[in-house]
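Structure at a glance
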Amino acid sequence: MRVTKAHDYTKYNNWATINDWAISISSANPSLISRQVIGNTYEGRPMHLLTVGKKTGSAKPAVFMDCGFHAREWITHAFCQWFVNEAVSTYGSDPEMTNLLDRMDFFVLPVFNIDGYEYTWSSNRMWRKTRSKNSGTSCIGTDPNRNFNAGWCTTGASSNPCSDTYCGSSPESEIESKNLANFIRTNKSIIKAYMTVHSYSQLLLFPYSYKYGLAADHSELLSVSQGAIAALRTLYGTKYTSGPGATTIYPAAGGSDDWAYDLGVKYSYTFELRDEGRYGFLLPESQIKPTCEETMLAVKYIASYVLNN
Ligand code: ING
Ligand code: ZN
């Protein structure tokens, strides 16, 4: 007899566990989840993407959300798992979630930088970048959030492969960036919002980060972000700040949110989850549940806004 332990959403799970979970939650919820591989990582691991939404047979507008760009930001991987479980377990009982899943799809990539995440479990808990080889140096990896084609490597990024913010040898030099960008380009006509989940600092950022100039949709992006962080705060009083990346955190080129926005995905946001620095990347497991519960409110707020506008 094979006894399967239930997936624990209140613990940090390694990639093997997340991978098994992605496969089993999809097959257990065939009317709400489908699964595909958008490509392999540098070290050859499959990037599983879950499509969460009621299957209707017709094309629906979609929200794309990824977690785990940066390997050490473990609360983000936990959030994507939480989101998928919460979606399927509140469908049919929570009216907002039911409406969202009936009328739109969520593309969820639970672990973008799988190789880096594995490395944080095996060797260096504070690893940030991918694990690709760089020519002419023994330094490993590129910062995937400096690797997109948005003012690439012009500010807040390094051309030194030994830096933690190395922009890579060219835009989308990382196979993980290319896989994600190709998927979004291919599905551009249905993707209405892009959310990329990072930690930490309790911020909700939107374009631009690669320049100080305001986005054409600045006032709408700002008001939606303010609604989202107000919703988040109702649960435990957690305070977030929102604004354009360049002035709210720091100028940094090559981020995926700026790239998606300039491609035409208007509602493009970067979350920086808990905390404000007490534990930083080493957020205790006891904070997974409250962090995920409050973040759900912000994500649902943005998705509902997008659906109705
Ligand atoms: N913060 C982001 C980073 O990549 C960011 C901030 C967002 C930069 C959007 C550029 C664009 O540095 C973390 N914690 O990774
Ligand atoms: Zn990050």
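Every chain begins its residue count from 1, and numbering advances along the sequence as written. The lettering of chains begins at A and the numbering of ligands begins at 1, in the order of writing. The model is predicted, so local features are restricted to residues of pLDDT at least 70 and side-chain atom pairs to those at 80 or more, both for listing and for counting; the totals for chains, interfaces and linings are taken over all residues. Excluded from the side-chain calculations are hydrogens and water; all other atoms, namely the structure's heavy atoms, are used.

Notes on the site of ligand 1
The condition is simple: In this text, near means that some heavy atom of the residue lies within 4 Å of the molecule or strand in question. Polar contacts here mean pairs of N or O atoms no more than 3.5 Å apart (in protein, one a potential hydrogen donor and the other a potential acceptor; neighbouring residues in sequence count only if both atoms are side-chain atoms). In this analysis a 1.4 Å probe is tested at points of a 1 Å grid over the protein atoms alone, and where it fits but cannot get out there is a cavity; an open set with protein on both sides within 12 Å along at least five of seven lines is a pocket; lining residues have an atom within 4 Å of a point. Each molecule is assigned to a cavity or pocket provided more than half of its atoms lie within 2 Å of the corresponding grid points. Residues were grouped as follows: Ala, Val, Leu, Ile, Met, Phe, Trp, Tyr, Cys and Pro as nonpolar; Asp, Glu, Lys and Arg as charged; and all remaining residues, including Gly, as polar.
Neighbouring ligand 1 are 13 residues, the closest being His70, Asn145, Arg146, Tyr250 and Glu272. Here an oxygen atom of ligand 1 and a side-chain polar atom of His70 are 3.0 Å apart. Here an oxygen atom of ligand 1 and a side-chain polar atom of Glu73 are 3.2 Å apart. With respect to the detected pockets, ligand 1 is housed in the second largest pocket. Taken together, the residues of the shell around ligand 1 sort by class into two nonpolar, six polar and five charged.

Here's the deal with the coordination of the zinc ion (ligand 2)
Convention followed: A donor here means an N, O or S atom no more than 2.8 Å from the metal, or no more than 3.2 Å when the metal is Na, K or Ca. Since water is not included, a site may seem to lack partners. Secondary structure elements follow DSSP: runs of H or I of four or more residues count as helices, runs of E of two or more count as strands, with numbering from the N terminus. For each residue, the accessible area found with a 1.4 Å probe, counting protein chains only, is set against the maximum for its type, and the residue is called buried under 20%, exposed over 50%, and partly exposed in between.
The coordination sphere of the zinc ion (ligand 2) contains the protein donors His70 (ND1), Glu73 (OE), Glu73 (OE) and His198 (ND1), at a distance range of 2.0 to 2.3 Å. All donors of the zinc ion (ligand 2) belong to a single chain; written as a sequence motif, their spacing is H-x2-E-x124-H. With Glu73 in the loop between strand 3 (62-67) and helix 2 (74-90) and His198 in strand 5 (residues 191-199), the pair connects residues that are 125 residues apart, well separated along the chain. For the pair formed by Glu73 and His198, the shared burial category is buried.

Observations concerning the confidence of the model for the protein chain
The cut-off we apply is this: Each residue carries a pLDDT value, the predictor's own confidence for that position, ranging from 0 to 100.
Residue-level pLDDT values for the protein chain average 97, and 99% of them are 70 or greater. The complex prediction reports pTM at 0.98, with the ipTM value standing at 0.97.

Observations regarding the packing of aromatic side chains
What counts here: Between the rings of Phe, Tyr and Trp (Trp by its six-membered ring), a pair exists once the centres lie within 6.5 Å; its type follows the angle of the planes, with under 30 degrees stacked, over 60 edge-to-face, and the other angles tilted. We call a charge positioned over a ring when the NZ of a Lys or the CZ of an Arg lies within 6 Å of the ring centre and within 35 degrees of the ring normal.
All told, the structure shown has 20 aromatic pairs when counted by the stated rule. Ring geometry for Phe69 against Phe112: centres 4.0 Å apart, planes inclined by 10°, an arrangement best described as stacked. Taken as a pair, Phe69 in the loop between strand 3 and helix 2 and Phe112 in the loop between strand 4 (105-109) and helix 4 (114-122) lie far apart in primary sequence, 43 residues in all. Just as Phe69 is buried, Phe112 falls in that class too. By the ring-pair criterion, three or more aromatic residues cluster together here, those being Tyr12, Trp74, Tyr117 and Trp121. For the cation-ring pair, Arg125 lies above Trp74, with the distance from its terminal atom to the ring centre recorded as 3.7 Å. Sitting over the ring of Tyr119, Arg131 keeps its end group 3.5 Å from the ring centre.

Details of the state of the cysteines
Two cysteines, two sulfur atoms, one covalent bond between them: this is a disulfide. The line we're drawing: When two cysteine sulfur atoms lie within 2.5 Å, the pair is treated as a disulfide.
Under the counting rule described, the total for this entry stands at three disulfides. At a sulfur-sulfur separation of 2.1 Å, the disulfide partner of Cys67 is Cys80. The disulfide joining Cys67 to Cys80 has a torsion of about 80° about its S-S bond and is therefore right-handed. Of this pair, Cys67 sits in strand 3 while Cys80 is found in helix 2, placing the two residues 13 residues apart along the sequence. There is no split in this pair, since Cys67 and Cys80 are both buried. Shown here is the disulfide that connects Cys139 with Cys162, its sulfur atoms set 2.1 Å apart. In this structure, the disulfide formed by Cys139 and Cys162 twists by about 90° around the S-S bond and is classed as right-handed. On the criterion of sequence distance, the pair formed by Cys139 in the loop between helix 4 and helix 5 (175-186) and Cys162 in the loop between helix 4 and helix 5 is long-range, its members being 23 residues apart. Its relative accessible area of 21% is what places Cys139 among the partly exposed residues. Residue Cys162 is classed as partly exposed on the basis of its relative accessible area of 45%. For the protein chain, the bonded cysteines connect in the pattern 1-2, 3-5, 4-6 when numbered consecutively along the sequence.

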